[in-house]
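Okay, here's what each chain looks like letter by letter:
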Amino acid sequence: NAGVTQTPKFQVLKTGQSMTLQCAQDMNHEYMSWYRQDPGMGLRLIHYSVGAGITDQGEVPNGYNVSRSTTEDFPLRLLSAAPSQTSVYFCASGIQGGETQYFGPGTRLLVL
Amino acid sequence: GQQLNQSPQSMFIQEGEDVSMNCTSSSIFNTWLWYKQEPGEGPVLLIALYKAGELTSNGRLTAQFGITRKDSFLNISASIPSDVGIYFCANNFGNEKLTFGTGTRLTIIP
């Protein structure tokens, strides 16, 4: 049981490049979410999904897209990276939203 | 707004000391969650509270659900080096989203 896995662990992008952060969970959780963590800002919710085919915006959704085609996977897409998106990104899953969430190890992204 | 205010922001203590931190909000809650994030890792759930006044322990950690339902407290007794990290409270404001406090960073001085 791997829990929540994220790839890559580290990534450096140039401004304007696109990329996808991968997230997968093997706990059959319906709820999945993406957070970003910046110094002094805690964890801020980007997007979330309550089940396959359903996604919604969190607190800071601009510049990010998500999709949920399967229960297991919830990728986060940056269409045109900006330096303001330099951050640590965490994926999480849980039985339902607003309750206990299980986090992945994070992806550290630097946008130059 | 929907905010969870944590204090203190950071703590520098010596090994063996007790630690106290709290989380407050202007909203009333039915649950409180406490997470710990170790350096380079994702947050991990420490304690979940489900009833006002509830006192729950997990080893040397004890958390309390405030009687007003607007606050919660986390205490660590006899701190050890592996207690280092950032401690977050978390809650939901009646929706499908888990909101986190800004965290309390704990550093242990040798």
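It should be noted that the structure appears before, not after, this text.
Bear in mind that the values here come from a model prediction, so they are computed numbers and not experimental data.

S.K.: Any details on the state of the cysteines? Residues and values, ideally.
M.R.: Two cysteines, two sulfur atoms, one covalent bond between them: this is a disulfide. Counted under the stated rule, the structure contains two disulfides over all chains. Across a sulfur-sulfur distance of 1.8 Å, C23 of chain A and C91 of chain A are joined as a disulfide pair. Because the torsion about its S-S bond is -70°, the bridge between C23 of chain A and C91 of chain A counts as left-handed. Here C91 of chain A lies in strand β9 (residues 87-94) and C23 of chain A lies in strand β3 (residues 19-25), a separation of 68 residues in the sequence. Each member of the pair, C23 of chain A as well as C91 of chain A, is classed as buried. Across a sulfur-sulfur distance of 1.9 Å, C23 of chain B and C89 of chain B are joined as a disulfide pair.

S.K.: Give a detailed account of the nonpolar core, specifying residues and quantitative values.
M.R.: The tendency in soluble globular proteins is for nonpolar side chains to be buried side by side. One finds W32, W34 and L74 of chain B to be the most contacted residues of the largest nonpolar core, which totals 22 residues. At the level of secondary structure, the elements contributing two or more residues to this core comprise β2 (10-14), β3 (19-24), β4 (32-37), β5 (44-49), β7 (61-65), β8 (71-76), β9 (85-91) and β11 (104-109) of chain B. Dropping the residues within four chain positions of it, L74 of chain B is found in contact with V19, S20, M21, W34, L46, I47, L61, T62, A63 and Y87 of chain B. V4, L13, I46 and Y64 of chain A belong to the second-largest nonpolar core, a separate cluster that totals 19 residues.

Criteria and cut-off values
Residues numbered from 1 in each chain as written. Chains lettered and ligands numbered in written order. Predicted model: local features only at pLDDT ≥ 70, side-chain atom pairs only at ≥ 80, totals over all residues. Heavy atoms only, no water. Disulfide = S-S within 2.5 Å. Helix = DSSP H or I, 4+ residues; strand = E, 2+ residues; numbered from the N terminus. Buried < 20%, exposed > 50% of the residue type's maximum accessible area, 1.4 Å probe, protein only. Core = buried A, V, L, I, M, F, W, Y, C linked by side-chain atoms within 4.5 Å. Contact = heavy atoms within 4.5 Å.

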